[in-house]
Number of protein chains: 2
Amino acid sequence: MAAYTPSALKAELNERGWRMTPQRETMLKTFQNLPEGTHLSAEDLCDQLDKEGEPISLSTIYRNLKLMARMGILRELELAEGQKRYEINQPAPHHHHHLICVRCNKTIEFKNDSVLKVGAKTADRSGYHILDCQLLIHGICPTCQRSIVPI
Amino acid sequence: MAAYTPSALKAELNERGWRMTPQRETMLKTFQNLPEGTHLSAEDLCDQLDKEGEPISLSTIYRNLKLMARMGILRELELAEGQKRYEINQPAPHHHHHLICVRCNKTIEFKNDSVLKVGAKTADRSGYHILDCQLLIHGICPTCQRSIVPI
DNA sequence: GCAGTCTTCGGAGTCATTCTCAATAACAAA
DNA sequence: TTTGTTATTGAGAATGACTCCGAAGACTGC
């Protein structure tokens, strides 16, 4: 869970026999420049890069999102139904968790260091090299509790 | 996050204008009788019910899995890629979290009450009616750390 | 420059999940 | 108990997020 620079990414890729490419650097920079609380799906990212005049093929985006998530650079989130969303995986002061309404998908982000500590300790005890630690709370938001609309 | 009996389920369904059906009761009982640590996908459940001589249509299974998850009876888990898995949502002494290897999907369950408390407090502070609270840790297991196989 | 290999691209393919709709069966009221 | 209303089921078709494939492009080391 470290902050990545393009050259740190390149170094880690090379270490494993992989290569840095303009597409990978573009994706990294895009996620790093996103306002906090933004979660992009593969298609969102594709559209955004199109608009910015740096188009990347959708297959490449899918491939690299998964790669970067498995490297611990991105977090893969299942916030709403239907598609995965990604955000940059930031260390302690910015690291956060999610509280989600199962009816309207309203999402609240919150921070909690003690959860992080539990995560680190648990992973360590089993010999796992930790990549991400997220507390996921599902519930029904105040608005939906009042609404008559079922489920 | 309460333990459900068939009649409690029926009561809660009726309260919202919905109906108890043999299929829903069968699904509830099946999940309640599962050994701890078992997570079923929709297709797993369909196959198992077939073998037990109580077949339920796959569409009905999908429909009711989602319904029961949104009622807080089941937990929806994204442990491996590709399909969602479900388990009964049990209260405190049995409630647990998951530590998952992103490479081989090896999953370890662990318990932690302080995480539960953080979850309850956080939901409460935002006025959410809590349904589920899961700490999800992604990492690389000891075996995969030693292996040469990439990502 | 050349060989070998990793990557990208775009379209075709896959498969978990959802949708559709006619038939069925809970539930409430009489 | 009977009946009317309407939620639910089942089977197959449809959807769409995601993956795979083959050919062309781009690095890396020699």
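Residues numbered from 1 in each chain as written. Chains lettered and ligands numbered in written order. Predicted model: local features only at pLDDT ≥ 70, side-chain atom pairs only at ≥ 80, totals over all residues.

> I'd like a description of the relation of the copies chain A and chain B, backed by residues and values.
After a rotation of 180° and a shift along the axis of 0.0 Å, chain A superposes on chain B with an RMSD of 0.1 Å. Given the turn and translation reported, the copies of this chain are related as if by a two-fold rotation axis. Closest approach to the rotation axis among the C-alpha atoms of chain A is made by Leu135 of chain A, whose C-alpha sits 2.1 Å away. (Least-squares fit on C-alpha atoms with pLDDT ≥ 70 in both.)

> Just give me the short version of the protein's contact with DNA strand C, but keep the residues and values in it.
Around DNA strand C, the surrounding shell holds 28 residues, and the nearest of these are Trp18, Ser57 and Thr60 of chain A together with Met20 and Ser59 of chain B. Mapped onto the surface near DNA strand C, the elements with two or more residues apiece are α2 (22-32) and α4 (58-71) of chain A together with α1 (6-15) and α4 (58-71) of chain B. Looking at which element gives the most residues to the surface near DNA strand C, the answer is α4 of chain A, with four residues. Its residues assigned to classes, the surface near DNA strand C comprises seven nonpolar, 13 polar and eight charged. (Near = placed C-beta within 6 Å. Helix = DSSP H or I, 4+ residues; strand = E, 2+ residues; numbered from the N terminus. Nonpolar A, V, L, I, M, F, W, Y, C, P; charged D, E, K, R; others polar.)

> Go over the sheet that holds strand β5 (residues 129-140) of chain A, please, and point to the residues and values.
The mixed open sheet is built from six strands, whose spatial order is β4(A)-β3(A)-β5(A)-β5(B)-β3(B)-β4(B). Each end of this open sheet is capped by a strand with a single partner; those strands are β4 (107-110) of chain A together with β4 (107-110) of chain B. Going across the sheet, the axis of each strand differs from the next one's by a mean of 20°, ignoring polarity. Sheet analysis places strand β3 (residues 97-101) of chain A next to β5 of chain A, joined by four bridges and oriented parallel. (Pairing = 2+ DSSP bridges. Axes fitted to C-alpha atoms, helices over the stretch in contact; angles between N-to-C directions.)

> Describe the domain arrangement of chain A, listing the residues and the values that go with them.
Residue and element names in this part refer to chain A. The domain architecture assigned to chain A consists of domain 1 (1-91) and domain 2 (92-151). For domain 1 and domain 2, the distance between their C-alpha centres works out to 21 Å. Listed as interface residues are nine residues of domain 1 and, on the opposing side, eleven residues of domain 2. Within the side of domain 1 that touches domain 2, the residues separate by chemical class into four nonpolar, four polar and one charged. (Domains from an automatic or database assignment. Contact = placed C-beta atoms within 7 Å.)

> I'd like to hear about helix α5 (residues 113-125) of chain A, residue by residue, with values.
For α5 of chain A, with 13 residues, the first-to-last C-alpha span of 18 Å sits near the 18 Å given by 1.5 Å per residue. Considering only its buried residues, α5 of chain A is in contact with β3 and β5 of chain A together with β3 (97-101), β4, α5 (113-125) and β5 (129-140) of chain B. Positioned one or two residues after α5 of chain A, Gly127 of chain A has a phi angle of 75°, which is positive. (Expected span 1.5 Å × (residues − 1).)

> Can you explain the nonpolar core? Please cite residues and give values.
One finds Val115, Leu135 and Ile137 of chain A together with Val115, Tyr128, Leu135 and Ile137 of chain B to be the most contacted residues of the largest nonpolar core, which totals 33 residues. The dominant element in this core, judged by the number of residues it contributes, is β5 of chain B, at seven residues. Sequence-distant contacts of Leu135 of chain B, defined by excluding residues within four places in its chain, comprise Val115, Val118, Gly119 and Leu135 of chain A together with His97, Asn112 and Val115 of chain B. (Core = buried A, V, L, I, M, F, W, Y, C linked by C-beta atoms within 7 Å. Buried ≥ 20, exposed ≤ 12 C-beta atoms within 10 Å, placed from the backbone.)

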